Amino acid sequence: MYRQRPSTMRVPYRQFSEYIPVEIERLRPAGSYAALMKQRTHAIDGLVAQHGQIPEELLLLRACPTCRSTTYREELRKDHMVLVRCESCQLVYVNPAFDEAHYRAVYTSEEYQGIMKDLGITSHAYRVERFGQERVSLMAEHLDLPDGVSPAYLDVGCSTGFVVEAAARRGWRASGIDLNPSAIEFGRQRGLDLRHAALEDDRRAAESLDAVSLFDVLEHLLHPQAMLDAAIRLLRPGGILFLYVPNYDSASRLLLGADAHFIWPTHHLNYYTPSTLSELMRRSGLEVARVVTEGLDVADYVWYQREVAGQDVSAIETIADTLQFLINAGCYGKNLRLIARRPRAA
Ligand SMILES: [Zn+2]
(Lines give C-alpha, C1' and ligand atoms only; values in the text may rest on other atoms or scores of the structure.)
Protein backbone atom coordinates (compact mmCIF):
# COMPACT_ATOMS: atom_id res chain seq x y z
CA MET A 1 0.00 0.00 0.00
CA TYR A 2 1.08 3.54 -0.65
CA ARG A 3 1.41 6.10 2.08
CA GLN A 4 -0.63 9.21 1.70
CA ARG A 5 -0.24 12.47 3.54
CA PRO A 6 -3.00 12.97 6.09
CA SER A 7 -5.72 15.05 4.51
CA THR A 8 -6.99 18.23 6.11
CA MET A 9 -10.19 18.02 4.06
CA ARG A 10 -13.39 18.31 6.07
CA VAL A 11 -16.23 15.90 5.28
CA PRO A 12 -19.65 17.39 6.04
CA TYR A 13 -21.96 15.36 8.31
CA ARG A 14 -24.89 14.01 6.34
CA GLN A 15 -28.41 13.01 7.40
CA PHE A 16 -29.95 9.74 6.21
CA SER A 17 -33.29 11.55 5.81
CA GLU A 18 -31.72 13.61 3.01
CA TYR A 19 -30.63 10.56 1.04
CA ILE A 20 -32.43 10.26 -2.31
CA PRO A 21 -32.01 6.87 -3.99
CA VAL A 22 -31.28 6.68 -7.72
CA GLU A 23 -33.71 4.76 -9.92
CA ILE A 24 -31.27 2.65 -11.88
CA GLU A 25 -33.85 1.49 -14.47
CA ARG A 26 -34.58 5.12 -15.40
CA LEU A 27 -30.94 6.16 -15.45
CA ARG A 28 -29.73 3.21 -17.49
CA PRO A 29 -32.72 2.17 -19.56
CA ALA A 30 -33.08 -1.07 -21.51
CA GLY A 31 -29.65 -2.62 -21.44
CA SER A 32 -27.74 0.63 -22.14
CA TYR A 33 -25.30 -0.13 -19.31
CA ALA A 34 -24.61 -3.66 -20.56
CA ALA A 35 -24.10 -2.22 -24.06
CA LEU A 36 -21.59 0.29 -22.67
CA MET A 37 -19.70 -2.53 -20.96
CA LYS A 38 -19.51 -4.38 -24.26
CA GLN A 39 -18.34 -1.36 -26.29
CA ARG A 40 -16.02 0.12 -23.71
CA THR A 41 -12.78 -0.78 -25.51
CA HIS A 42 -14.01 0.39 -28.94
CA ALA A 43 -11.07 2.82 -29.18
CA ILE A 44 -8.44 0.05 -29.21
CA ASP A 45 -10.29 -3.05 -30.43
CA GLY A 46 -8.94 -2.70 -33.98
CA LEU A 47 -5.34 -2.22 -32.81
CA VAL A 48 -5.46 -5.16 -30.42
CA ALA A 49 -7.06 -7.45 -33.02
CA GLN A 50 -4.30 -6.55 -35.47
CA HIS A 51 -1.23 -6.42 -33.19
CA GLY A 52 -2.25 -8.33 -30.04
CA GLN A 53 -1.50 -5.13 -28.07
CA ILE A 54 -1.25 -1.39 -28.55
CA PRO A 55 1.89 -0.74 -30.64
CA GLU A 56 4.41 1.06 -28.41
CA GLU A 57 5.10 3.81 -30.92
CA LEU A 58 1.50 5.03 -30.60
CA LEU A 59 1.90 5.78 -26.90
CA LEU A 60 3.65 8.80 -25.35
CA LEU A 61 4.94 9.25 -21.80
CA ARG A 62 3.18 11.95 -19.78
CA ALA A 63 4.38 14.09 -16.92
CA CYS A 64 1.97 14.19 -13.96
CA PRO A 65 -0.95 16.38 -15.13
CA THR A 66 -1.15 18.06 -11.71
CA CYS A 67 2.44 18.64 -10.55
CA ARG A 68 4.50 17.90 -13.72
CA SER A 69 6.66 15.36 -11.85
CA THR A 70 7.97 12.49 -13.98
CA THR A 71 8.53 10.13 -11.04
CA TYR A 72 5.83 7.50 -10.69
CA ARG A 73 5.18 3.83 -9.97
CA GLU A 74 2.81 1.41 -11.59
CA GLU A 75 -0.64 1.28 -10.00
CA LEU A 76 -2.56 -1.21 -12.18
CA ARG A 77 -3.04 -2.51 -15.72
CA LYS A 78 -6.27 -2.77 -17.67
CA ASP A 79 -7.30 -2.83 -21.34
CA HIS A 80 -3.65 -2.98 -22.51
CA MET A 81 -2.89 0.29 -20.73
CA VAL A 82 -1.11 1.22 -17.50
CA LEU A 83 -2.20 3.47 -14.64
CA VAL A 84 0.61 4.98 -12.59
CA ARG A 85 0.72 6.90 -9.31
CA CYS A 86 2.71 10.13 -9.11
CA GLU A 87 5.34 9.77 -6.37
CA SER A 88 5.12 13.47 -5.66
CA CYS A 89 1.37 14.38 -5.49
CA GLN A 90 -0.21 10.86 -5.50
CA LEU A 91 -2.37 11.49 -8.57
CA VAL A 92 -3.19 8.29 -10.46
CA TYR A 93 -3.12 8.73 -14.24
CA VAL A 94 -2.78 6.78 -17.49
CA ASN A 95 0.85 6.69 -18.60
CA PRO A 96 1.84 6.34 -21.41
CA ALA A 97 -1.19 7.59 -23.36
CA PHE A 98 -2.19 8.27 -26.97
CA ASP A 99 -1.81 11.74 -28.53
CA GLU A 100 -4.48 14.46 -28.88
CA ALA A 101 -5.40 13.42 -32.42
CA HIS A 102 -6.25 9.90 -31.25
CA TYR A 103 -8.62 11.15 -28.52
CA ARG A 104 -10.26 13.62 -30.90
CA ALA A 105 -11.00 10.70 -33.23
CA VAL A 106 -12.34 8.56 -30.35
CA TYR A 107 -14.79 11.21 -29.15
CA THR A 108 -16.12 11.97 -32.60
CA SER A 109 -16.44 8.27 -33.52
CA GLU A 110 -19.82 6.73 -34.19
CA GLU A 111 -19.29 4.19 -31.42
CA TYR A 112 -18.78 6.88 -28.79
CA GLN A 113 -21.69 8.98 -30.06
CA GLY A 114 -23.79 5.83 -29.82
CA ILE A 115 -22.77 5.15 -26.20
CA MET A 116 -23.61 8.73 -25.23
CA LYS A 117 -26.91 8.64 -27.05
CA ASP A 118 -28.01 5.53 -25.20
CA LEU A 119 -26.86 6.83 -21.82
CA GLY A 120 -27.71 10.52 -22.15
CA ILE A 121 -30.63 11.18 -24.45
CA THR A 122 -32.88 8.32 -23.37
CA SER A 123 -32.59 9.31 -19.70
CA HIS A 124 -32.49 13.12 -20.18
CA ALA A 125 -35.81 13.87 -18.44
CA TYR A 126 -34.87 11.75 -15.44
CA ARG A 127 -31.42 13.37 -15.27
CA VAL A 128 -32.97 16.86 -15.14
CA GLU A 129 -35.20 15.88 -12.21
CA ARG A 130 -32.82 13.74 -10.24
CA PHE A 131 -29.37 15.22 -10.94
CA GLY A 132 -29.86 18.60 -12.63
CA GLN A 133 -31.92 20.10 -9.83
CA GLU A 134 -29.65 18.68 -7.14
CA ARG A 135 -26.52 20.11 -8.77
CA VAL A 136 -28.11 23.53 -9.30
CA SER A 137 -29.22 23.61 -5.63
CA LEU A 138 -25.70 22.74 -4.53
CA MET A 139 -24.26 25.59 -6.61
CA ALA A 140 -26.95 27.99 -5.36
CA GLU A 141 -25.86 27.34 -1.77
CA HIS A 142 -22.41 28.65 -2.60
CA LEU A 143 -23.32 31.66 -4.74
CA ASP A 144 -23.25 34.99 -2.96
CA LEU A 145 -25.51 37.07 -5.18
CA PRO A 146 -28.01 39.65 -3.95
CA ASP A 147 -31.68 38.58 -4.12
CA GLY A 148 -33.24 38.91 -7.54
CA VAL A 149 -29.96 38.67 -9.44
CA SER A 150 -30.00 35.81 -11.93
CA PRO A 151 -26.70 33.89 -11.93
CA ALA A 152 -24.70 33.69 -15.18
CA TYR A 153 -23.74 30.04 -15.57
CA LEU A 154 -21.88 27.95 -18.13
CA ASP A 155 -21.77 24.14 -18.17
CA VAL A 156 -18.68 22.94 -20.04
CA GLY A 157 -19.21 19.45 -21.47
CA CYS A 158 -22.97 19.86 -20.96
CA SER A 159 -24.03 16.73 -22.89
CA THR A 160 -27.80 17.02 -23.52
CA GLY A 161 -27.99 20.02 -21.19
CA PHE A 162 -29.77 18.34 -18.26
CA VAL A 163 -28.12 20.66 -15.74
CA VAL A 164 -28.54 23.72 -17.99
CA GLU A 165 -32.26 22.89 -18.19
CA ALA A 166 -32.60 22.65 -14.40
CA ALA A 167 -30.75 25.98 -14.00
CA ALA A 168 -32.84 27.72 -16.67
CA ARG A 169 -36.02 26.55 -14.91
CA ARG A 170 -34.77 28.38 -11.80
CA GLY A 171 -34.32 31.55 -13.82
CA TRP A 172 -30.54 31.35 -14.24
CA ARG A 173 -28.90 32.71 -17.38
CA ALA A 174 -27.69 29.21 -18.20
CA SER A 175 -25.79 27.98 -21.23
CA GLY A 176 -23.74 24.96 -22.20
CA ILE A 177 -21.09 23.81 -24.65
CA ASP A 178 -20.17 20.30 -25.71
CA LEU A 179 -18.29 18.55 -28.51
CA ASN A 180 -21.02 15.95 -29.08
CA PRO A 181 -23.25 17.25 -31.90
CA SER A 182 -26.17 14.84 -31.33
CA ALA A 183 -26.39 15.70 -27.61
CA ILE A 184 -26.29 19.46 -28.39
CA GLU A 185 -28.94 19.13 -31.08
CA PHE A 186 -31.21 17.25 -28.66
CA GLY A 187 -30.87 20.00 -26.01
CA ARG A 188 -31.38 22.84 -28.50
CA GLN A 189 -34.63 21.26 -29.58
CA ARG A 190 -35.73 21.59 -25.98
CA GLY A 191 -35.04 25.32 -26.20
CA LEU A 192 -31.77 25.31 -24.26
CA ASP A 193 -28.89 27.71 -24.98
CA LEU A 194 -26.36 25.07 -26.05
CA ARG A 195 -23.51 25.33 -28.50
CA HIS A 196 -21.37 22.77 -30.27
CA ALA A 197 -17.99 24.27 -29.30
CA ALA A 198 -14.80 23.72 -27.33
CA LEU A 199 -14.05 26.00 -24.39
CA GLU A 200 -11.00 27.46 -26.15
CA ASP A 201 -13.21 28.52 -29.08
CA ASP A 202 -15.83 30.12 -26.86
CA ARG A 203 -15.72 33.92 -27.11
CA ARG A 204 -17.19 34.70 -23.71
CA ALA A 205 -15.68 37.66 -21.86
CA ALA A 206 -13.21 36.99 -19.03
CA GLU A 207 -14.56 37.34 -15.47
CA SER A 208 -18.15 37.41 -16.75
CA LEU A 209 -19.64 34.36 -15.01
CA ASP A 210 -20.89 33.53 -11.53
CA ALA A 211 -20.57 29.77 -11.96
CA VAL A 212 -18.86 27.35 -14.31
CA SER A 213 -19.19 23.58 -14.12
CA LEU A 214 -17.18 20.70 -15.55
CA PHE A 215 -19.13 17.48 -15.08
CA ASP A 216 -17.33 14.30 -16.13
CA VAL A 217 -14.75 16.29 -18.10
CA LEU A 218 -11.37 16.49 -16.35
CA GLU A 219 -10.87 12.72 -16.24
CA HIS A 220 -10.93 12.60 -20.06
CA LEU A 221 -8.20 15.17 -20.73
CA LEU A 222 -4.51 14.83 -21.52
CA HIS A 223 -4.02 18.39 -20.21
CA PRO A 224 -6.68 19.06 -17.56
CA GLN A 225 -4.83 22.14 -16.26
CA ALA A 226 -5.30 23.99 -19.57
CA MET A 227 -9.06 23.39 -19.43
CA LEU A 228 -9.21 24.43 -15.78
CA ASP A 229 -7.30 27.65 -16.43
CA ALA A 230 -9.65 28.52 -19.30
CA ALA A 231 -12.68 27.89 -17.07
CA ILE A 232 -11.26 29.89 -14.16
CA ARG A 233 -10.58 32.89 -16.42
CA LEU A 234 -14.33 33.12 -17.09
CA LEU A 235 -15.20 33.40 -13.40
CA ARG A 236 -15.63 36.74 -11.71
CA PRO A 237 -13.77 37.09 -8.39
CA GLY A 238 -15.92 35.19 -5.87
CA GLY A 239 -17.42 33.04 -8.65
CA ILE A 240 -17.57 29.27 -8.23
CA LEU A 241 -16.29 26.29 -10.15
CA PHE A 242 -18.22 23.01 -9.76
CA LEU A 243 -16.29 19.86 -10.66
CA TYR A 244 -17.54 16.33 -10.93
CA VAL A 245 -15.14 13.42 -11.54
CA PRO A 246 -14.95 9.72 -10.67
CA ASN A 247 -13.49 9.13 -7.21
CA TYR A 248 -10.51 6.79 -7.43
CA ASP A 249 -10.69 6.15 -3.68
CA SER A 250 -14.28 4.96 -3.96
CA ALA A 251 -16.09 1.92 -2.66
CA SER A 252 -16.43 0.82 -6.31
CA ARG A 253 -12.68 0.45 -6.64
CA LEU A 254 -12.14 -0.89 -3.12
CA LEU A 255 -14.76 -3.60 -3.80
CA LEU A 256 -14.09 -4.38 -7.48
CA GLY A 257 -10.47 -3.31 -7.99
CA ALA A 258 -9.55 -2.78 -11.65
CA ASP A 259 -12.97 -4.19 -12.64
CA ALA A 260 -14.67 -1.03 -11.36
CA HIS A 261 -16.29 0.33 -14.53
CA PHE A 262 -14.97 3.89 -14.15
CA ILE A 263 -11.45 2.51 -14.49
CA TRP A 264 -11.61 2.99 -18.24
CA PRO A 265 -8.06 3.79 -19.38
CA THR A 266 -8.95 4.21 -23.06
CA HIS A 267 -11.17 7.17 -22.09
CA HIS A 268 -10.42 8.16 -18.48
CA LEU A 269 -6.87 9.47 -18.32
CA ASN A 270 -6.83 11.04 -14.82
CA TYR A 271 -8.10 9.49 -11.55
CA TYR A 272 -8.70 12.00 -8.76
CA THR A 273 -9.53 11.50 -5.10
CA PRO A 274 -10.95 14.06 -2.66
CA SER A 275 -7.40 14.96 -1.64
CA THR A 276 -5.70 15.02 -5.07
CA LEU A 277 -8.54 17.08 -6.54
CA SER A 278 -8.36 19.52 -3.63
CA GLU A 279 -4.62 19.79 -4.24
CA LEU A 280 -5.28 20.60 -7.91
CA MET A 281 -7.61 23.42 -6.83
CA ARG A 282 -5.00 24.92 -4.52
CA ARG A 283 -2.45 24.83 -7.34
CA SER A 284 -5.00 26.52 -9.62
CA GLY A 285 -5.44 29.39 -7.18
CA LEU A 286 -8.93 28.41 -5.99
CA GLU A 287 -10.33 27.92 -2.50
CA VAL A 288 -12.12 24.62 -1.89
CA ALA A 289 -15.60 25.32 -0.51
CA ARG A 290 -17.16 21.85 -0.48
CA VAL A 291 -16.23 18.22 -1.18
CA VAL A 292 -18.89 15.49 -1.18
CA THR A 293 -19.39 12.16 -2.90
CA GLU A 294 -22.42 10.35 -4.24
CA GLY A 295 -22.41 7.11 -6.11
CA LEU A 296 -23.92 3.93 -7.43
CA ASP A 297 -21.16 1.84 -5.87
CA VAL A 298 -23.48 -0.77 -4.40
CA ALA A 299 -25.64 -1.01 -7.54
CA ASP A 300 -22.52 -1.40 -9.67
CA TYR A 301 -21.13 -4.05 -7.32
CA VAL A 302 -24.42 -5.95 -7.40
CA TRP A 303 -24.58 -5.69 -11.21
CA TYR A 304 -21.03 -6.97 -11.56
CA GLN A 305 -21.45 -9.89 -9.14
CA ARG A 306 -24.71 -10.98 -10.77
CA GLU A 307 -24.01 -10.35 -14.46
CA VAL A 308 -20.28 -11.04 -14.66
CA ALA A 309 -19.42 -13.30 -11.71
CA GLY A 310 -22.77 -15.13 -11.63
CA GLN A 311 -23.22 -14.72 -7.85
CA ASP A 312 -26.41 -14.51 -5.82
CA VAL A 313 -26.41 -10.98 -4.41
CA SER A 314 -30.01 -10.72 -3.18
CA ALA A 315 -28.91 -10.23 0.45
CA ILE A 316 -26.88 -7.16 -0.49
CA GLU A 317 -29.67 -5.77 -2.66
CA THR A 318 -31.99 -5.55 0.34
CA ILE A 319 -29.60 -3.19 2.15
CA ALA A 320 -28.27 -1.38 -0.95
CA ASP A 321 -29.63 2.09 -0.15
CA THR A 322 -28.42 2.06 3.46
CA LEU A 323 -24.98 0.90 2.37
CA GLN A 324 -24.80 3.53 -0.35
CA PHE A 325 -25.75 6.28 2.10
CA LEU A 326 -22.93 5.21 4.44
CA ILE A 327 -20.45 5.11 1.56
CA ASN A 328 -21.49 8.59 0.39
CA ALA A 329 -21.35 10.01 3.91
CA GLY A 330 -17.81 8.74 4.38
CA CYS A 331 -16.75 10.40 1.08
CA TYR A 332 -16.15 7.02 -0.61
CA GLY A 333 -18.91 7.32 -3.22
CA LYS A 334 -17.86 6.90 -6.86
CA ASN A 335 -18.87 10.40 -7.95
CA LEU A 336 -16.71 13.11 -6.46
CA ARG A 337 -18.14 16.62 -6.40
CA LEU A 338 -16.08 19.62 -5.51
CA ILE A 339 -17.03 23.29 -5.38
CA ALA A 340 -14.18 25.80 -5.38
CA ARG A 341 -14.22 29.57 -5.35
CA ARG A 342 -12.12 32.08 -7.18
CA PRO A 343 -10.78 34.33 -4.40
CA ARG A 344 -12.39 37.74 -4.13
CA ALA A 345 -10.03 40.60 -4.91
CA ALA A 346 -7.81 41.38 -1.91
ZN1 LIG B 1 1.99 14.70 -9.41
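Here, the structure is the one placed above.
Residues numbered from 1 in each chain as written. Predicted model: local features only at pLDDT ≥ 70, side-chain atom pairs only at ≥ 80, totals over all residues. Heavy atoms only, no water.

Q: In this structure, what is going on with the packing of aromatic side chains? I would like to understand it.
A: Geometry of an aromatic ring pair is reported as the spacing of the ring centres plus the angle between the planes. Evaluated as defined, the whole model comprises 11 aromatic pairs. Ring centres of Phe16 and Phe325 lie 5.0 Å apart, and the angle between their planes is 75°; on these two criteria the pair is classed as edge-to-face. Of this pair, Phe16 sits in the segment before helix H1 (24-27) while Phe325 sits in helix H14 (residues 320-329), and the two are 309 residues apart along the sequence. For Phe16, a relative accessible area of 45% translates into the label partly exposed. For Phe325, a relative accessible area of 12% translates into the label buried. Note on Tyr248 and Tyr271: the rings are 5.9 Å apart at their centroids and 70° apart in plane angle, and the pair reads as edge-to-face. Highlighted residues: Tyr248 in the loop between strand E8 (235-246) and helix H10 (251-256) and Tyr271 in strand E9 (residues 270-271), separated in sequence by 23 residues. A single burial state applies to Tyr248 and to Tyr271, both of which are buried. Three or more aromatic residues joined by ring pairs form one cluster here, namely Phe16, Tyr19 and Phe325. The ring centre of Phe162 lies 5.8 Å from the NZ or CZ of Arg127, which sits over that ring. One Lys or Arg, Arg135, reaches over the ring of Phe215 and ends 4.6 Å from the middle of that ring. (Phe/Tyr/Trp six-rings, centres within 6.5 Å; stacked < 30°, edge-to-face > 60°. Helix = DSSP H or I, 4+ residues; strand = E, 2+ residues; numbered from the N terminus. Buried < 20%, exposed > 50% of the residue type's maximum accessible area, 1.4 Å probe, protein only. Lys NZ or Arg CZ within 6 Å of the ring centre and 35° of its normal.)

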